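Take a look at the letters that make up each chain.
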Amino acid sequence: MGRVGFVVALVLASWLAFHSSQLPKEPRAVRGLVPVVAYDDLRQRIVLYEESHALLIGCSQYKSGWEPLPGVLDDMGAVSTLLARHGFSITTVYDPNRETMDKAIREFIGRYGGRTEARLLFYYAGHGYTEPSGTRMSYLVPVDAPNPRTDPGGFRERAFPLEFFVVYSKSFEAKHAFFIFDSCFAGTIFDRTREATKESISYSASLPVRQFVTSGGADEVVSDSGTFRGALVRGLLGEADKDGDGYITGSQLGEYLFDQVSNHPGSRQHPQYGKLSDHGFNKGDTVFVIPQGDDPQTRHPRPEVRLLAGPIEGTYRHIAEDIRLACQAVARINPVMTPGSIYNLTTLLDAGDPYTLGMTQDDSIDELADARTRNLKLVMPLYRAEMHLLTRADAPIHKLEDLSGRKVATGPVGSGTRATAQRIKTLTGIRWEDVPYYPKDIYPDLRDRKIDAIFFVGGAPISFYADFPQSMEQFVKLVPIEHSSMTGRYERCVIRASDYKWLKQDVATYGVTAYLVAAKNVPDGILGDIAGAILDHMEALRFQRPIWNRVMPAAYGSTKVKMPERIREQIRSRTGPGT
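Things to note about the overall build of the chain
Link 1 in the chain: Regarding its fold elements, the chain presents 18 helices and 24 strands.
Link 2 in the chain: Within the chain, residue pairs in contact and separated by at least 24 positions form 79% of the contacts whose partners lie at least 6 positions apart.
Link 3 in the chain: Working note: accessible area of the chain is about 22900 Å², and carbon and sulfur atoms make up 50% of it.

Quick word on empty space enclosed by the protein
Link 1 in the chain: For the coordinates displayed, the defined rule picks out six cavities of 30 Å³ or more.
Link 2 in the chain: The computed volume of the largest cavity comes to approximately 200 Å³.
Link 3 in the chain: What lines the largest cavity is a set of 20 residues, among which Pro311, Tyr316, Thr417, Phe456 and Val457 lie closest to the centre.
Link 4 in the chain: Of all the elements in the fold, those that place two or more residues in the lining of the largest cavity are helix H9 (315-326), strand E18 (376-392), helix H13 (416-428) and strand E21 (453-458).
Link 5 in the chain: It is E21 that contributes the most residues to the lining of the largest cavity, three residues altogether.
Link 6 in the chain: For the lining of the largest cavity, the class distribution of residues is 10 nonpolar, 10 polar and no charged.

Section: the pattern of salt bridges
Link 1 in the chain: Using the criterion set out here, one finds 26 salt bridges in the structure.
Link 2 in the chain: Note that aspartate 402 and lysine 399 form a salt bridge whose closest N and O atoms lie 3.3 Å from each other.
Link 3 in the chain: A relative accessible area of 18% means that aspartate 402 is categorised as buried.
Link 4 in the chain: Counted as one network, the salt bridges with shared partners bring together Arg384, Glu386, Glu491 and Arg550.

Overview of the nonpolar core
Link 1 in the chain: Counting 140 residues, the largest nonpolar core has Ile105, Leu357, Met387, Ile534 and Trp548 as its most contacted members.
Link 2 in the chain: Broken down by element, the residue count for this core peaks at nine residues, all from E18.
Link 3 in the chain: Leaving out residues up to four positions away in the same chain, leucine 357 has contacts with Val305, Arg306, Leu307, Leu308, Leu348, Val379, Leu516, Val517, Ala518, Val522, Leu527 and Ile530.
Link 4 in the chain: Counting residues in hydrophobic clusters, the runner-up holds 23 residues, among them Leu390, Ala409, Phe456 and Val507.

Looking at the pairing of strand E16 (residues 332-336)
Link 1 in the chain: Most of E16 is tucked away, with five of its five residues classed as buried.
Link 2 in the chain: In E16, alternate side chains face the same way, and those of Arg332, Asn334 and Val336 on one face and Ile333 and Pro335 on the other are all buried.
Link 3 in the chain: Two elements, strand E15 (residues 304-308) and E16, share five bridges in a ladder whose sense is parallel. Within E16, the position partnered with leucine 308 by the bridge is valine 336.

What about the pairing of strand E2 (residues 36-39)?
Link 1 in the chain: Here E2 shows a buried face lined by Val36 and Ala38 and an unburied face lined by Val37 and Tyr39.
Link 2 in the chain: Two strands pair when backbone bridges link them, and E2 and strand E3 (residues 45-49) are joined in this way by four bridges, in the antiparallel orientation. The partner of alanine 38 across the bridge, within E3, is isoleucine 46.

Digging into the packing of aromatic side chains
Link 1 in the chain: In this structure the tally under the stated criterion is 17 aromatic pairs.
Link 2 in the chain: Note on tyrosine 139 and phenylalanine 155: the rings are 5.2 Å apart at their centroids and 75° apart in plane angle, and the pair reads as edge-to-face. Taken together, the residues tyrosine 139 in strand E7 (residues 138-140) and phenylalanine 155 in helix H3 (residues 152-158) connect sequence positions 16 residues apart.
Link 3 in the chain: For phenylalanine 155, a relative accessible area of 1% translates into the label buried.
Link 4 in the chain: Between the NZ or CZ atom of arginine 306 and the centre of the ring of tyrosine 94, over which it lies, the distance is 5.3 Å.
Link 5 in the chain: Lying across the ring of tyrosine 510, arginine 492 places its NZ or CZ 5.0 Å from the centre.

Comments concerning helix H1 (residues 71-85)
Link 1 in the chain: An ideal rise of 1.5 Å per residue puts 21 Å on 15 residues; H1 measures up with 22 Å between its terminal C-alpha atoms.
Link 2 in the chain: Looking at H1, one finds that the buried residues are Gly71, Val72, Asp75, Met76, Val79, Ser80, Leu82, Leu83 and Ala84.
Link 3 in the chain: Backbone geometry just downstream of H1 places glycine 87 in the positive-phi region, at approximately 90°.

A closer look at the side chain of threonine 315
Link 1 in the chain: Looking at the element boundaries, threonine 315 is found in helix H9.
Link 2 in the chain: The class for threonine 315 is buried, based on a relative accessible area of 11%.
Link 3 in the chain: Beyond its immediate sequence surroundings of up to four residues, threonine 315 is in contact with Tyr383, Gly458, Gly459 and Ile547.

What to know about the packing of helix H6 (residues 227-239) against helix H7 (residues 250-262)
Link 1 in the chain: With their axes 10 Å apart at the nearest point, H6 and H7 run at an angle of 135° to one another. When the interaxial angle is binned, H6 and H7 end up oblique. As for how H6 packs across H7, the hand of that crossing is right-handed. Here H6 contributes Phe228, Ala231, Leu232, Arg234, Gly235, Leu236 and Glu239 to the contact with H7, which in turn contributes Leu253, Tyr256, Leu257, Gln260 and Val261.
Link 2 in the chain: In terms of residue class, the contact of H6 with H7 is made up of eight nonpolar, two polar and two charged.

With respect to the packing of H1 against H6
Link 1 in the chain: One can describe the packing of H1 onto H6 by two numbers: an axis separation of 10 Å at closest approach and a directional angle of 5°. On the basis of the axis angle, H1 is roughly parallel to H6. Facing Gly71, Asp74, Asp75, Ala78, Val79, Leu82 and Arg85 of H1, the residues of H6 in contact are Arg229, Leu232, Val233, Leu236 and Leu237.
Link 2 in the chain: Broken down by class, the residue content of the contact of H1 with H6 amounts to seven nonpolar, one polar and four charged.

A short note on unusual backbone geometry
Backbone geometry follows two general trends: most residues other than glycine have a negative phi, and most peptide bonds adopt the trans configuration.
Link 1 in the chain: The step from alanine 460 to proline 461 runs through a cis peptide bond, and the omega angle for that step is 0°.
Link 2 in the chain: For aspartate 95, which is not a glycine, the phi torsion comes out positive at approximately 50°.
Link 3 in the chain: Here aspartate 95 is to be found in the loop between strand E5 (89-94) and helix H2 (98-112).
Link 4 in the chain: Unusually for a residue other than glycine, arginine 449 sits at a positive phi of about 65°.
Link 5 in the chain: Relative to the helices and strands, arginine 449 is located in the loop between helix H14 (439-447) and E21.

Rules behind the numbers
- Residues numbered from 1 in each chain as written.
- Predicted model: local features only at pLDDT ≥ 70, side-chain atom pairs only at ≥ 80, totals over all residues.
- Heavy atoms only, no water.
- Helix = DSSP H or I, 4+ residues; strand = E, 2+ residues; numbered from the N terminus.
- Contact = heavy atoms within 4.5 Å.
- Areas by Shrake-Rupley, 256 points an atom, 1.4 Å probe, with all protein chains shown as cover.
- 1 Å grid on protein atoms, 1.4 Å probe; cavity = no way out; pocket = protein on both sides within 12 Å on 5 of 7 lines; lining within 4 Å.
- Points joined across faces, edges and corners; volume = space filled by probe spheres on them.
- Nonpolar A, V, L, I, M, F, W, Y, C, P; charged D, E, K, R; others polar.
- Salt bridge = Lys/Arg side-chain N within 4 Å of Asp/Glu carboxyl O.
- Buried < 20%, exposed > 50% of the residue type's maximum accessible area, 1.4 Å probe, protein only.
- Core = buried A, V, L, I, M, F, W, Y, C linked by side-chain atoms within 4.5 Å.
- Pairing = 2+ DSSP bridges.
- Phe/Tyr/Trp six-rings, centres within 6.5 Å; stacked < 30°, edge-to-face > 60°.
- Lys NZ or Arg CZ within 6 Å of the ring centre and 35° of its normal.
- Expected span 1.5 Å × (residues − 1).
- Axes fitted to C-alpha atoms, helices over the stretch in contact; angles between N-to-C directions.
- Parallel < 35°, antiparallel > 145°, perpendicular 65-115°, else oblique.
- Left-handed = near helix turned anticlockwise from the far one by under 90°.

Function-wise, these values are silent; they only describe arrangement.
Here it is as structure tokens:
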């Protein structure tokens with residue numbers, strides 16, 4: 001068992017260059033979409049890659065018998081900053097369970113794998129495991145996977161086989177993909193051969209390749225001290241360029257990491273590196289151009305900020321990506337997929353470094369003691385999120401009381417949906433059986449009558465309901481949510497028939513307000529810059545995603561979390577003196 005740090009080149013491309021308060025007439029260059037260029041011996045310009053994208057996944061807070069890995073946060077921050085200097089756009093996911101990890105990887109491949117001239121990179125930091133005998137299978141370990149020593153069957157069910165990346169890496173068309181594992185793994189999926197000579201850069205970049213690096217062998221224990229991460233950063237900043245030509249190939253980097261980590265004082269780990277054992281994907285070599293420090297964003301580093309979002313299927317995820325893009329000029333914001341509001345709030349209350357923002361909802365905040373709210377800062381009110389109650393069209397469920405004694409899917413532990421459902425139980429006295437779920441998995445259970453209803457809180461239209469075709473009106477319905485004990489506690493609202501193709505008429509319900517909040521350690525100046533950038537790009541945000549039309553930045557007096565004066569100044573300067 002040991003740490004894993006893993007890098008696959010694949011990441012979120014930007015939909016807009018947010019550099020003005022209006023939509024630009026022509027697209028501007030966005031990090032990740034800037035071509036990577038080199039020059040041959042005749043000083044002829046060669047485009048190595050049209051774009052570069054990276055997905056970073058870190059597992060730190062384990063739940064089922066694995067030691068926590070506090071060093072993962074430092075690893076993720078350092079690698080994110082490093083890859084930004086190399087021109088990658090970056091998306092981060094912290095502490096995913098098995099479903100979230102798989103969803104994130106598959107979604108990125110689906111969206112960006114078809115870009116032939118792209119350089120894709122995936123980084124994973126967390127525990128890794130290789131079976132000690134038999135097949136010697138290797139696994140990435142999500143935070144919900146049990147320890148194989150005590151629950152081998154449960155481990156195999158929840159762990160993520162390394163071999164899946166062989167299949168995934170062959171399924172997309174991007175010519176280069178680079179995978180880095182900061183952990184102990186058997187190198188059974190790649191050929192561990194050293195390059196005899198360094199080919200020309202143009203030749204290396206022209207042929208397809210899938211390259212892998214692990215920070216240790218299968219039977220080695222990799223420390224959480226950052227030794228491998230430090231070598232990775234130094235190598236890609238130039239130390240791995242042994243021939244001094246200004247370029248680093250994946251093979252050069254692998255050899256550098258082997259030498260540096262193996263010979264580090266007290267080290268017992270030996271990094272492995274190589275190319276996929278497939279003749280169609282082992283001819284080229286990933287190329288990195290050493291940063292020259294001439295990027296204004298490099299000369300004047302922007303603060304690194306974590307943004308805790310929500311499930312990958314939920315509205316928070318999309319809002320977080322919008323904020324990341326809007327704030328590119330003032331901060332390096334890394335959206336993090338999480339279980340949801342309660343997880344975010346709990347993390348924010350105890351957050352240290354790095355700077356952390358998160359999205360949560362008003363009924364979760366209201367449960368906090370006043371003293372606890374002093375550990376938070378309000379950045380901006382966001383939008384109203386509606387309560388949805390979905391059931392089968394033929395189910396005898398017509399109102400909230402009809403849930404009594406039934407099985408209701410109420411979201412994963414740590415989500416705002418789950419917490420709101422429990423408060424409704426308390427307020428109304430209605431008792432149902434809670435079933436934890438993740439949206440992509442639960443509809444078949446409703447269809448097959450294993451559960452009776454699905455409860456979810458989110459800004460309509462919610463993507464995984466909106467994707468239902470109109471024909472679904474024969475099979476599902478939304479149930480009105482009305483109860484005297486909830487009136488006054490929650491805001492009355494309506495889900496419009498126009499929100500979903502399959503919805504026949506408006507449905508009465510209640511809503512909660514989502515807020516963007518920050519940990520107390522984030523300086524007011526940084527928060528003011530972030531709020532100002534969002535406000536400056538509000539027109540473009542509303543054009544791109546209609547839910548931003550619901551955001552009223554000046555409505556910040558309705559929560560007990562205090563807004564710093566620096567942010568109030570930003571809002572007043574843009575919305576008028578009366579706010």
